[in-house]
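The chain contents come next:
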Amino acid sequence: MAGPNDALLILILDARARDADAPVQAPDDPVQVPDDPVRLIFRRRLVAPWSHVVAGADHPPWPRHFVDTLRASLLQLKEKFGDKIRLLMWSDCAGKCTEKYAWGKLADELMQTLGIAIEFKLYGACDSTRHCKDFVISNYDPSHFADDIFRRNFLEASFQCTKCVRMCSLPMTGIDIYCCCFPCGPWSKLGNRMGLDDPDANVCWQAIRTIKHMKPVLFYMENVMGICSTSRDTGGADVRLIKKFMQQELGDTYNTMTISNTSPIQHGYAAEKKRFVVVGGRSDQVDENQLRRNFTELIENPLPVTHNYWTFLGLDEIADEIADAVGELPSPAAACKIHGSGCKCGVDPMILCDQHPCKCVQCKHGEVLHCSWRVKAKKYLADHGLQEAAADGCVTYIQALELMGLLGPKSPRQRNMLNVFARLPAADPLRSTLMIMDISQAIDRARPRCDGTVPTMGVNASMWSMRAGRLLDVCEMAKMMGLDLSEVDLRSTTQSQMRQMLGMSIHVATAGFALIGLLAAAGCRPQPLIAIDSR
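Residues numbered from 1 in each chain as written. Predicted model: local features only at pLDDT ≥ 70, side-chain atom pairs only at ≥ 80, totals over all residues. Heavy atoms only, no water.

1. Digging into the packing of aromatic side chains
Then comes step 1: Summed over the entire model, instances satisfying the criterion amount to 13 aromatic pairs.
Then comes step 2: On the basis of an interplanar angle of 75 degrees and a centroid distance of 5.7 Å, the ring pair of Y380 and F421 is categorised as edge-to-face. Here Y380, found in helix α13 (residues 372-383), pairs with F421, found in helix α15 (residues 412-421); they are 41 residues apart in sequence, far enough to count as distant.
Then comes step 3: Among the aromatic residues, those joined into a cluster by ring pairs are W62, F66, F295 and F513.
Then comes step 4: The ring of W310 has R467 lying over it, and the distance from NZ or CZ to the ring centre is 4.2 Å.
Then comes step 5: Positioned over the ring face of F312 is K479, at 4.5 Å from the centre of the ring. (Phe/Tyr/Trp six-rings, centres within 6.5 Å; stacked < 30°, edge-to-face > 60°. Helix = DSSP H or I, 4+ residues; strand = E, 2+ residues; numbered from the N terminus. Lys NZ or Arg CZ within 6 Å of the ring centre and 35° of its normal.)

Following this line, the structure appears as structure tokens:
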């Protein structure tokens, strides 16, 4: 197996070397399913009781679209390095290592379309979260895994490897691709927005130092778009300071490019998750003009969205009787059932419900009706002209659901939020609305969307579809994020852990966008400046 001191860019493998690195197939591990004469798709059996196959449409063909868009540059790569290529990757802030999954999709397409056999070996990964470590190791078997990005000694070229349970050599050569999706909390609208004053922002500096030490041929880093705006406490655009530090540390060793507002919507998914991406290629291997041309071509040739989230996931709608009852006066029979339920959750946030008590700090301390969500909900009603709806006695959304035996959320805040959103003009008519929102957030940050696009999924997001009358489950959320859970090993992962990893991760197609643009730029230099291992 190739180590970190092999050729710096791309290693051409013979068949024996590839076979030697193939994992031993266990009884419960990949079952080969014939797909076509060109390739085999490896699918793991569903090993988590909560996992299921999601109905609806197929994933957008973003791998083929990317390969077709950059065909000329990728053929140059093939001409330069041959049709058998191996890359070593290091992933910091790995999460569920979306880039490795995306590489697999790209490798399948490159083999089928251009006859290029690319193997992506995850040499090292780092994440401080235990379930991320378990997921990455069980699925991608990196040679090394670390749980603290700061336990690196650049002078001694060593780091603490928790997989090897010892200090290991931190490679100074041999890593082809470095990826880091550093913490977004310092700049996210859902975070504290302290910017570079947030201790988590120090990960960004450490990632840049790691690039300087490892000298990868290609790298990308990403974060939320808020990093480009003025943070609450710093009074300036933090991205300028980050670029300045990169220039100080990396100098002219790398050709870099920043890309703003890249989103899954540009790659065929009805999902919003705008990102700021920095891509770079070592200047002795990657031509700056070609790097920019590649990403310009990808940006100017988006893949159209052909399915909204409803058809993409194949959801079932609530009965018309439920949708039509909302906002209407209840029948005598319905009024009797509503009264008998004892639930008083309505559009008015100031009415207390004994069946669904609030558990916020203020309420626990006896300061009823002063909790922040009620104050925000009251303001929301005023801002959207819904004060009359709070006292008109009509059937609420939650009442309509529960009259038909469906379950609403237990939280009084979420019940009130859904009742309020159901009365917005944008949600009418409910029987065909595409309104969806994250009810884990406060009412002024839940971001309801009605255009068929799912809002940005943060950590622990709870996406409620008004028309479906329920939350999207984790498998459906994963599909919206470009991940097919039937293709990964979930034996060490719970639903809540996967939900968290989805929220903290880059979208699969966005990772593919960054990686294919970088890879295609590696083939444009007329002559490689290093020796290629062609054993």
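Still to come is the rest of the account.
2. Regarding the sheet that holds strand β13 (residues 436-438)
Then comes step 1: Spatial ordering of the open sheet is given by β13-β14-β15, a layout of three strands whose pairing is antiparallel. Looking along the sheet, the strands with just one partner apiece sit at the ends: β13 and β15 (470-471).
Then comes step 2: Sheet topology note: the strand β14 (residues 463-465)/β15 ladder contains two bridges and is antiparallel. Paired with S465 across the bridge in β15 is R470. (Pairing = 2+ DSSP bridges.)

3. Digging into the confidence of the model for the protein
Then comes step 1: A residue-level look at the protein finds 87% of positions with pLDDT of 70 or above and a mean pLDDT of 87.
Then comes step 2: Segment residues 1-46 is flagged for pLDDT under 50; beyond a separation of four residues in sequence, or across chains, it makes 105 contacts in the model. (pLDDT = per-residue confidence, 0-100. Contact = heavy atoms within 4.5 Å.)

4. As for the packing of helix α4 (residues 98-114) against helix α18 (residues 508-521)
Then comes step 1: Viewed as axis vectors pointing N to C, α4 and α18 meet at an angle of 60 degrees, and their least axial separation amounts to 8 Å. In terms of orientation, α4 and α18 fall into the oblique class. Note that α4 runs across α18; the crossing there is right-handed. Across from T98, E99, Y101, A102, W103, L106 and L110 in α4, the residues of α18 making contact are V508, A511, G512, L515, I516 and L519.
Then comes step 2: Taken together, the residues that form the contact of α4 with α18 break down as 10 nonpolar, two polar and one charged. (Axes fitted to C-alpha atoms, helices over the stretch in contact; angles between N-to-C directions. Parallel < 35°, antiparallel > 145°, perpendicular 65-115°, else oblique. Left-handed = near helix turned anticlockwise from the far one by under 90°. Nonpolar A, V, L, I, M, F, W, Y, C, P; charged D, E, K, R; others polar.)

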